[in-house]
Structure formats: C-alpha cells, structure tokens
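Here's the letter readout for the chains.
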Amino acid sequence: MSERISEQQSKAFGRVAVIYGGNSAERAVSLNSGTAVHKALCAAGVNAFLLDLYGPQGELNPVKQIQQEQIDCAFLILHGRGGEDGTIQGLLEMMQIPYTGSGVEASALGMDKLRSKQLFVGAGLPTPPFKVLRAESDLLACAQELGFPLMIKPAHEGSSIGMHKVNSAADLASAWADASGYDQCVIAEKWITGSEFTVAILKNNALPAIRLETPHDFYDYDAKYQANDTRYLFDDTLSAEKGDELLRLSEQAFAAIGCKGWGRVDVMQDAAGNFYLLEVNTTPGMTDHSLVPMAARQAGLSFEQLVVEILKEAH
C-alpha cells in the first residue's frame, strides 16, 4: 500500500474532521492523539482538519460546533466520557455523519468496565473475579472475599486514571476514596500476578501482541504517557499455541462487546499461563507512546497507513 492515497480516494473521504479534545479527564491525551492523527491523515493526502470539542468559555457544545463545520466524515479520537462512551457516536448518527470506530452500544459497553466484565462472564470469557464498591461499607466484605492484592478502579475512566494497586486493608479506604472521586461506581478486581499484554484489533483482526514491562506496580498513567523506562516487547515469550490463544481471546472479547473498526484489548496472564481479560478500549490512544501504532508497525503498517485503514472503516 502506498503511503499516500489517490486523489479519487481523497475525494471519496471528503472533508474529514479529526474530533479530539473534549472535557473528560483524558483531554490532554486526546489532544496529543488528535494532533498525531491529523498530521498523519494530511501526510497521506486526506483533506482533514482538527475539531476540538471544547467551547471558548470551556463549555462542551458539540452540536453547535459540528453544525458550523462542513463535515463529510469524522475520525473520532476523543478519549473518556463524552467521546468514547457512545455519546458523540449517537449525535453523529442523528446528524447522519459517518464516523470511525465502534457504534453507540459497543462504545457505551466498552467504556463501562463493570458491564464489560459482566458481559465477559456471561459469554464464558475469562476475567479476574471482582466486586462493586458503591460505598465505604462495602470494603470489608470485598477484602474478605477477594483477598489482597486488589486493583481498585473507577468503572468509567480510561488511561488508568483513578486506579490503585492495594496491598492491605490499611490502603483500601484511601484508594476507594480517590477512585470514587472520579466515578460513583468503583470496581475492586482480584490482582493477577504475571505478564500484561495488549492486543490491538484492526478490522476485527488481532495485530501482534505487545508484552508490557514497567518498574511501576502496574501500567499506570505515568508508565503509559510519560515514563521512558516502560518496555514494549514483541519477543514472543509465549508458545505458538498460547500466542494464538491470546490473539483469539482478544478477537472474541472485541466481538462480544460488539466493536467495529479498531480498538485494543488488555489481557493479563497468571503464573499458570491462564489469560484474563481486563477491558476493551474502543478509542485507544494514538500518541508517540501509544500501543496500537506500535502493533501496526510490527505488522508492517506505517502510522499513515494505519489511520487511513481506520478511516476506510467509517460507518
């Protein structure tokens, strides 16, 4: 595939809005992702422009902003609530503007870690045991049932925001208090000790899996976007059989949520070799630290080719 698309293909895409920014807790990441995507689309020959869904006074007013622009297609690179949860997807569908990525229902499910896990359980897919923490009074029963360590996470945030590894009862209340500051629904998940993998999905097919190594307790916000000591490995520590199992499990999770186009699935493997689904990301990061572009490069796709392939799947 050529780095640049044909003039005919560019005309078929029309005027493409790279919708980024927003007002979620992941705004800073979205701004970086959108800038990178816009640059790559332009380099590939797409007539693309940036649209930051954030009004001049700080208010979110996507209807007005979109109405003011002539948009033939939207490349969605909003992260977090308001952009990755089905909200903007529903608006674009009502306005009959094609957009990239998953639809309303899958976006909402993917953003909701609790319902994603409930869906995995219902579909017979492995995920770590978990409890819902809606009040501080739930903490003792949770600790008794799941034991330590625990992962505490808000149900509706991304980029590891508000997440904490908890090793003892003494730290549980403060972790819950921080996570509940982001979300009324907080999940406690049994800690899986072992290797962490992420699998990018493009057009329903898994790209090469990345094994993540970090000196942090887990792959947190700093390890994702700021640290220089995080390692991203394609060195195949898995057997061919286990490697294939990981890719197929990721594709099954992507399909179970009902995702389209592209995304990323996060998976843990315990010491016994068992895999556990953590979550499905329907609009993953596309910064210079991001995982989907890394996996695409390993599969032979440049960043420009990757964003064009994503754009081709707009619906």
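Just so it is clear, the model here is predicted, and its values are computed rather than measured. (Residues numbered from 1 in each chain as written. Predicted model: local features only at pLDDT ≥ 70, side-chain atom pairs only at ≥ 80, totals over all residues. Heavy atoms only, no water.)

K.L.:
Could you clarify how one ought to interpret the side chain of Asn281 in this entry?
P.N.:
You can see Asn281 is positioned in strand β13 (residues 275-281). Excluding residues within four positions of it along the chain, Asn281 makes contact with Glu84, Gly263, Arg264 and Asp266. (Helix = DSSP H or I, 4+ residues; strand = E, 2+ residues; numbered from the N terminus. Contact = heavy atoms within 4.5 Å.)

K.L.:
Sorry, what's going on with the domain arrangement of the chain here?
P.N.:
One widely used convention gives an interface's size as the accessible area the parts lose upon coming together. Domain annotation for the chain reports domain 1 (7-100), domain 2 (110-126 + 192-282) and domain 3 (130-190). Inter-centroid distance (C-alpha atoms) of domain 1 to domain 3 is 33 Å. (Domains from an automatic or database assignment.)

K.L.:
For this particular structure, what's the right way to read the sheet that holds strand β6 (residues 164-166)?
P.N.:
Backbone-to-backbone hydrogen bonds pair the strands of a sheet. The strands run either parallel or antiparallel. On the basis of which strands lie adjacent, the open sheet formed by four strands has the order β4-β7-β5-β6 and antiparallel pairing. The sheet is open, and its two edges are formed by β4 (130-133) and β6, each paired on a single side. Mean inter-strand twist for the sheet, computed between neighbouring axes without regard to direction, equals 25°. For β4 and strand β7 (residues 186-190), the ladder comprises four bridges, and the chain directions are antiparallel. Bridge pairing in β7 links Val132 to Ile187. Relative to the sheet, helix α6 (residues 113-122) contacts β4, β5 (150-154) and β7, its axis offset from that of β4 by approximately 150°. Across the sheet, helix α8 (residues 169-180) touches β4, β5, β6 and β7, and the angle it forms with β5 is around 20°. (Pairing = 2+ DSSP bridges. Axes fitted to C-alpha atoms, helices over the stretch in contact; angles between N-to-C directions.)

K.L.:
Help me understand the UniProt feature "binding site: Mg(2+) 1" (unreviewed entry) in the chain, please; the structure alone is not making it clear to me.
P.N.:
Per the UniProt record, the feature "binding site: Mg(2+) 1" (unreviewed entry) sits at Asp266 and Glu279. Mapped onto the elements of the fold, Asp266 is located in strand β12 (residues 262-270). Those residues within four positions of Asp266 in sequence are excluded, and the remaining contacts are Phe197, Thr198, Tyr276, Leu277, Leu278, Glu279 and Asn281. Along the chain, Glu279 falls in strand β13. In this structure Glu279 comes out as buried when scored by relative accessible area, which is 13%. What Glu279 contacts, discounting residues up to four positions off in sequence, is Lys113, Arg264, Val265 and Asp266. (UniProt positions renumbered as here; feature names shortened; annotations may be inferred. Buried < 20%, exposed > 50% of the residue type's maximum accessible area, 1.4 Å probe, protein only.)

K.L.:
Mind showing me how you'd approach the packing of aromatic side chains here?
P.N.:
The geometry of two aromatic rings is summed up by the distance between their centres and the angle between their planes. The final tally for this structure, using the stated rule, is one aromatic pair. Look at Phe197 and Phe275: their rings are 6.3 Å apart centre to centre, the planes differ by 80°, and that puts the pair in the edge-to-face class. With Phe197 in strand β8 (residues 194-202) and Phe275 in strand β13, this pair connects stretches of sequence that are 78 residues apart. The two residues Phe197 and Phe275 agree in class, both being buried. The ring centre of Phe49 lies 3.8 Å from the NZ or CZ of Arg15, which sits over that ring. Seen from the ring of Tyr54, Arg27 lies directly overhead, with NZ or CZ sitting 4.3 Å from the centre. (Phe/Tyr/Trp six-rings, centres within 6.5 Å; stacked < 30°, edge-to-face > 60°. Lys NZ or Arg CZ within 6 Å of the ring centre and 35° of its normal.)

K.L.:
What's the story with the pattern of salt bridges in this structure? I'm lost.
P.N.:
Where charged atoms from two side chains of opposite charge come close, those side chains can pair. This model, assessed by the stated rule, comprises 16 salt bridges. Close ionic contact of Glu69 with Arg15 constitutes a salt bridge, the shortest N to O distance being 3.0 Å. Residue Glu69 is found in the loop between α3 (62-67) and β3 (73-76), and its partner Arg15 is found in the loop between α1 (7-13) and β1 (16-20); the two are separated by 54 residues along the sequence. On the accessibility criterion, Glu69 (30% relative accessible area) is partly exposed. Taking the relative accessible area as the measure of exposure, Arg15 reaches 24% and is therefore partly exposed. Across the salt bridge formed by Asp266 and Arg264, the nearest N and O atoms sit 3.1 Å from each other. Several salt bridges share partner residues, and in doing so they unite Lys117, Lys153 and Glu189 into one network. (Salt bridge = Lys/Arg side-chain N within 4 Å of Asp/Glu carboxyl O.)

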